[in-house]
Amino acid sequence: VQLQASGGGLVQAGGSLRLSCAASGSIFRVNVMGWFRQVPGKEREYVASISSSRDYASSVMGRFTISRDNARKMVYLQMNNLKPEDTAVYYCAATRRILSTASTDYNYWGQGTQVTVSS
């Protein structure tokens, strides 16, 4: 399974961005798609995941929405009301396991896309 993330950029606080993740390869093996983020010097942080249900980190609940288009093999992360603390490299990920917030449970990773929110 290969994942390609895109859609990052620079935005002012309060603005919006939509991240996209294109999946290819043996995606029938994938059960859950997720988004994580990481800032330098910190561990990779769970953001959201989707299978038959959706799950969000408390820090993004109500502001971010994860969605999935199985026909197009795409996963999206709509990010609204962005805050400077949302600045990070965002990674899409996939796992054969059940819905999980642990990065170690994810088998496949995209290359990351930078999101920068200015105050």
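Refer to the structure above for everything that follows.
What you are looking at is a predicted structure, and each value in this text was computed from that prediction instead of being measured.

Novice: Provide a residue-level description of the state of the cysteines, including the pertinent values.
Specialist: Under the definition given, this model contains one disulfide. Covalent S-S linkage joins Cys 21 and Cys 92, the inter-sulfur distance amounting to 2.2 Å. What sets the handedness of the Cys 21 and Cys 92 disulfide is the S-S torsion sign, and at about 60° it is right-handed. Residue Cys 21 is found in strand β3 (residues 17-24), and its partner Cys 92 is found in strand β9 (residues 88-95); the two are separated by 71 residues along the sequence. Each of the two residues, Cys 21 as well as Cys 92, counts as buried.

Novice: Pulling in residues and values, what's your account of unusual backbone geometry?
Specialist: Within the chain, Lys 73 stands out as a residue other than glycine whose phi angle is a positive 60°. Following the sequence through the fold, Lys 73 ends up in the loop between β7 (64-69) and β8 (74-79). For Lys 73, a relative accessible area of 40% puts it in the partly exposed group.

Novice: Just give me the short version of the sheet that holds β8, but keep the residues and values in it.
Specialist: The four strands are arranged β1-β3-β8-β7 in an open sheet whose pairing can be described as antiparallel. At either end of the open sheet lies a strand with only one pairing partner, and these are β1 (2-6) and β7. Direction aside, the axes of adjacent strands within the sheet are offset by 15° on average. Relative to β8, β3 is paired through six bridges, and the arrangement is antiparallel. Bridge assignment links Ser 20 to a residue of β8, and that residue is Tyr 76.

Novice: Account for the pattern of salt bridges, with residues named and values stated.
Specialist: Throughout the structure, instances matching the rule amount to five salt bridges. With its nearest N and O atoms 2.9 Å apart, the salt bridge here joins Glu 45 to Arg 37. Residue Glu 45 is classed as partly exposed on the basis of its relative accessible area, which comes to 34%. Look at Arg 37 and you get buried, because its relative accessible area is 5%. Among the charged side chains, a network of salt bridges with common partners joins Arg 37, Glu 45, Arg 63 and Asp 86.

Novice: Give me the lowdown on the packing of aromatic side chains, citing residues and values where you can.
Specialist: All told, the structure shown has five aromatic pairs when counted by the stated rule. Measuring from centroid to centroid gives 5.0 Å for Phe 36 and Tyr 106, while their planes differ by 80°, and the two rings are edge-to-face. In this pair, Phe 36 sits in strand β4 (residues 32-38) while Tyr 106 sits in the loop between β9 and β10 (108-109), placing the two residues 70 residues apart along the sequence. Of the two residues examined, Phe 36 and Tyr 106, each falls in the buried class. Here Tyr 91 and Trp 109 contribute two aromatic rings whose centre-to-centre distance is 6.4 Å and whose plane-to-plane angle is 80°, an arrangement assigned as edge-to-face. Here Tyr 91 is found in strand β9, whereas its partner Trp 109 is found in strand β10, with 18 residues between them in sequence. Through a chain of ring-to-ring contacts, three or more aromatic side chains come together here, namely Phe 36, Tyr 46, Tyr 91, Tyr 106 and Trp 109. The side chain of Arg 44 reaches across the aromatic face of Tyr 91, ending 3.8 Å from its centre. It is Arg 44 that lies over the ring of Trp 109; its NZ or CZ is 4.7 Å from the centre.

Scoring rules and cut-offs
Residues numbered from 1 in each chain as written. Predicted model: local features only at pLDDT ≥ 70, side-chain atom pairs only at ≥ 80, totals over all residues. Heavy atoms only, no water. Disulfide = S-S within 2.5 Å. Helix = DSSP H or I, 4+ residues; strand = E, 2+ residues; numbered from the N terminus. Buried < 20%, exposed > 50% of the residue type's maximum accessible area, 1.4 Å probe, protein only. Pairing = 2+ DSSP bridges. Axes fitted to C-alpha atoms, helices over the stretch in contact; angles between N-to-C directions. Salt bridge = Lys/Arg side-chain N within 4 Å of Asp/Glu carboxyl O. Phe/Tyr/Trp six-rings, centres within 6.5 Å; stacked < 30°, edge-to-face > 60°. Lys NZ or Arg CZ within 6 Å of the ring centre and 35° of its normal.

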